[in-house]
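If you want the building blocks of each chain, they are given just below.
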Amino acid sequence: MGLRSWLLVLCLGALAPAQAQTPYAGPLFDAHLHYNDDAQEPHPLPDVLGRMQRSGVAAIIANSRPNDGTRTLASATGETAAAGVRVVPFIRLYRNRADYTGWFADPSIVTMVETELARGTPAGPYRGLGEFHLYDSANANGPTARRLMQLAQDKDLAVLAHVDDVAIELLMAHAPRTRLIWAHTGIGGVPVERVQALFERHPTLMGELSYRPGLTGDDGQLSPAWRALLLRYPDRFLVGSDTWVNQRWLYYENLMQAARVWLGGLPPEVARRIAYENGARLFGLDVPAAR
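Cut-offs applied
- Think of each chain on its own: its residues are numbered from 1, step by step along the sequence as written.
- For a predicted model such as this one, the threshold for reporting local features is a pLDDT of at least 70, and the threshold for listing and counting side-chain atom pairs is 80 or more; totals across whole chains, interfaces and linings nevertheless cover every residue.
- The side-chain quantities take in all heavy atoms of the structure and omit both hydrogens and water.
- Residues belong to one nonpolar core when they are buried, are Ala, Val, Leu, Ile, Met, Phe, Trp, Tyr or Cys, and are joined through side-chain atoms within 4.5 Å.
- Any residue under 20% of the maximum accessible area for its type is buried, any over 50% is exposed, and the rest in between are partly exposed; the area is computed with a 1.4 Å probe on protein chains only.
- Per the convention used, a helix needs a DSSP run of H or I reaching at least four residues, while a strand needs a run of E reaching at least two, with both numbered from the N terminus.
- Only heavy atoms matter for contacts: two residues are in contact if any of them lie within 4.5 Å across the pair.
- We treat two strands as partners when DSSP finds at least two bridges between them.
- Classification remark: right-handed applies to a crossover when, strands pointing away from the viewer, the course from the first strand over the helix to the second runs clockwise.
- UniProt positions are given in the numbering used here, feature names are shortened, and annotations may be inferred rather than shown by experiment.
- The term salt bridge refers to a side-chain nitrogen of Lys or Arg lying within 4 Å of a carboxyl oxygen of Asp or Glu.
- Aromatic pairs are defined between Phe, Tyr and Trp rings, using the six-membered ring for Trp, whenever the two ring centres lie within 6.5 Å; interplanar angles under 30 degrees are classed as stacked, those over 60 as edge-to-face, and all others as tilted.
- A cavity here means a set of points on a 1 Å grid, drawn over the protein atoms and nothing else, where a 1.4 Å probe fits but cannot get out; a pocket is an open set with protein on both sides within 12 Å along at least five of seven lines, and a residue lines either one if it has an atom within 4 Å of a point.
- Grid points are joined across faces, edges and corners, and a volume is the space filled by probe spheres set on the points.
- Gly is put with the polar residues, along with every residue not named as nonpolar or charged; the nonpolar set is Ala, Val, Leu, Ile, Met, Phe, Trp, Tyr, Cys and Pro, and the charged set is Asp, Glu, Lys and Arg.
- Side-chain atoms alone can form a polar contact between residues adjacent in sequence; in general such a contact is a pair of N or O atoms within 3.5 Å, and within protein one must be able to donate a hydrogen while the other accepts it.
- Expected span, for any helix, means 1.5 Å times one less than how many residues it has.
- pLDDT expresses, on a scale from 0 to 100, how confident the predictor is about each individual residue.

Under an unreviewed UniProt entry, the protein has the name Amidohydrolase and belongs to Caldimonas caldifontis.

Structure below.
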């Protein structure tokens, strides 16, 4: 190999993203977890808590259709403590599947949310709203969508939203200080450049990374573009499982292990933030000292 070729190899090596040596081994905060009604018979509480414990999940955002599943998790304080799992309860806007397509204009959803907020949970008050979907971004301007964004801002509730980039702009216009967690950091593979632009424009916007197209390559490691974005905004991202169907519960440990693999390709302090600390700080949970 000539001198020029050798120097080229050295330069390319310096520019290449660092590869994971070992998977991240610290605690995880699962910021997108559902315990829906159809999951509770095949996956009773000991089963789901066992899966979290084996995966090293120390905290979860719990939201379920209907909210009974969240209340089940929040009520089992002894069991969750034994599993080492802290429950951060959210109010989901769906009483049933029919609510998915019309909640944004349904005033009865506001009544349900207000009733749940007054009720609270055995694990403490509700800390957020969602996950909710908007299949047409224009519905972010629906009267209930607008009212709930403003309610979240007024009561310091986080919001978990499964929406496109256009809806992010519309929702944040209703309540610019709301802490909005963008489920999957966009649907349909929103370009990294667009995600960065939205993060720059909205300082309270955070990205949850389950189901994120382009996040990793075939080797399970972060793509260069996404690695650069995570390094640019290490305090703005969260991991999640999105157990929206029962199959996701069957493979829960695999999903969490896959996250550990790509987290291992980041500097340790960045990996800790995205894996656990960002979620913990968002909701005032203890952050264990780094080992």
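Details of the nonpolar core
In this structure, Met52, Leu73, Trp103, Phe132, Leu180, Trp262 and Leu263 are the most contacted members of the largest nonpolar core, which totals 93 residues. In terms of residue count, the dominant contributor to this core is helix α12 (residues 268-282) (seven residues). Those residues within four positions of leucine 73 in sequence are excluded, and the remaining contacts are Leu33, Tyr35, Leu45, Val48, Met52, Ile60, Ala62, Thr80 and Val87.

Observations concerning the pairing of strand β4 (residues 128-133)
Judged by how many residues are buried, β4 sits mostly within the fold: six of six residues are covered. Inspection of the sheet shows strand β3 (residues 86-91) paired to β4 by two bridges, in the parallel sense. For phenylalanine 90, the partnering residue across the bridge sits in β4 and is glycine 128. Pairing of β4 with strand β5 (residues 158-162), which is carried by five bridges, proceeds in the parallel orientation. Pairing of glycine 130 across the sheet is with leucine 160, part of β5. Handedness of the crossover joining β4 and β5 through helix α6 (residues 143-154) is recorded here as right-handed.

Observations regarding the UniProt feature "domain: Amidohydrolase-related" (unreviewed entry) in the protein
Mapped onto this numbering, the UniProt entry annotates "domain: Amidohydrolase-related" (unreviewed entry) at residues 135-285. Split by type, residues 135-285 is 48% helix and 9% strand. Its first and last C-alpha atoms lie 33 Å apart.

Digging into the side chain of serine 137
Examined against the element boundaries, serine 137 turns out to sit in the loop between β4 and α6. Setting aside its immediate chain neighbours within four residues, serine 137 contacts Asp164, Val166, Ala167 and Leu170.

Structural notes on the pattern of salt bridges
Evaluated as defined, the whole model comprises 20 salt bridges. Note that arginine 54 and glutamate 253 form a salt bridge whose closest N and O atoms lie 2.8 Å from each other. Separated by 199 residues along the polypeptide, arginine 54 in helix α2 (residues 45-54) and glutamate 253 in helix α11 (residues 252-263) bring together distant segments of the chain. You can call arginine 54 exposed: its relative accessible area is 56%. Through salt bridges with shared partners, a single network forms among Asp37, Asp38, Arg65 and Arg97.

A look at the packing of aromatic side chains
For the coordinates displayed, the defined rule picks out 11 aromatic pairs. Plain terms: the ring middles of phenylalanine 29 and tyrosine 276 are 6.2 Å apart, the flat faces sit at 55° to each other, and that makes the pair tilted. Of this pair, phenylalanine 29 sits in strand β1 (residues 28-33) while tyrosine 276 sits in helix α12, and the two are 247 residues apart along the sequence. For phenylalanine 29, a relative accessible area of 1% puts it in the buried group. Of the residues examined, tyrosine 276 reaches a relative accessible area of 6% and is grouped as buried.

Let's talk about the layout of surface pockets
As a volume, the second largest pocket reaches approximately 320 Å³. For the second largest pocket, the lining is made up of 19 residues, of which Leu209, Leu215, Ala258, Ala259 and Trp262 are closest to its centre. Residue composition of the lining of the second largest pocket, grouped by class: 10 nonpolar, seven polar and two charged.

Describing the environment of asparagine 141
Here asparagine 141 is to be found in the loop between β4 and α6. Along the chain, asparagine 141 and leucine 255 lie 114 residues apart, while their C-alpha atoms are 34 Å from each other. Side-chain polar atoms of asparagine 141 contact the side chain of histidine 174, separated by 3.2 Å.

Describing the pairing of β5
With five of five residues buried, β5 is to be regarded as a mostly interior element. Here β5 shows two buried faces, one formed by Ala158, Leu160 and His162 and the other by Val159 and Ala161. Remark: the β5/helix α7 (residues 165-174)/strand β6 (residues 180-182) crossover connection has right-handed handedness.

Let's talk about α12
Here α12 spans 20 Å end to end across 15 residues, near enough to the 21 Å set by a 1.5 Å rise per residue. Taken together, the buried positions of α12 are Val270, Ala271, Ile274, Ala275, Tyr276, Glu277, Asn278, Gly279, Ala280 and Leu282. Positive phi appears at glycine 284, one or two residues downstream of α12, with a value of about 70°.

Focus on the confidence of the model for the protein
Close reading of the predicted structure is inappropriate where its pLDDT is low. The share of residues in the protein with pLDDT of 70 or more is 92%, and the mean pLDDT across the chain is 92. For the stretch residues 1-20, pLDDT sits under 50, and the model shows 13 contacts to residues farther than four places along the chain or on other chains.

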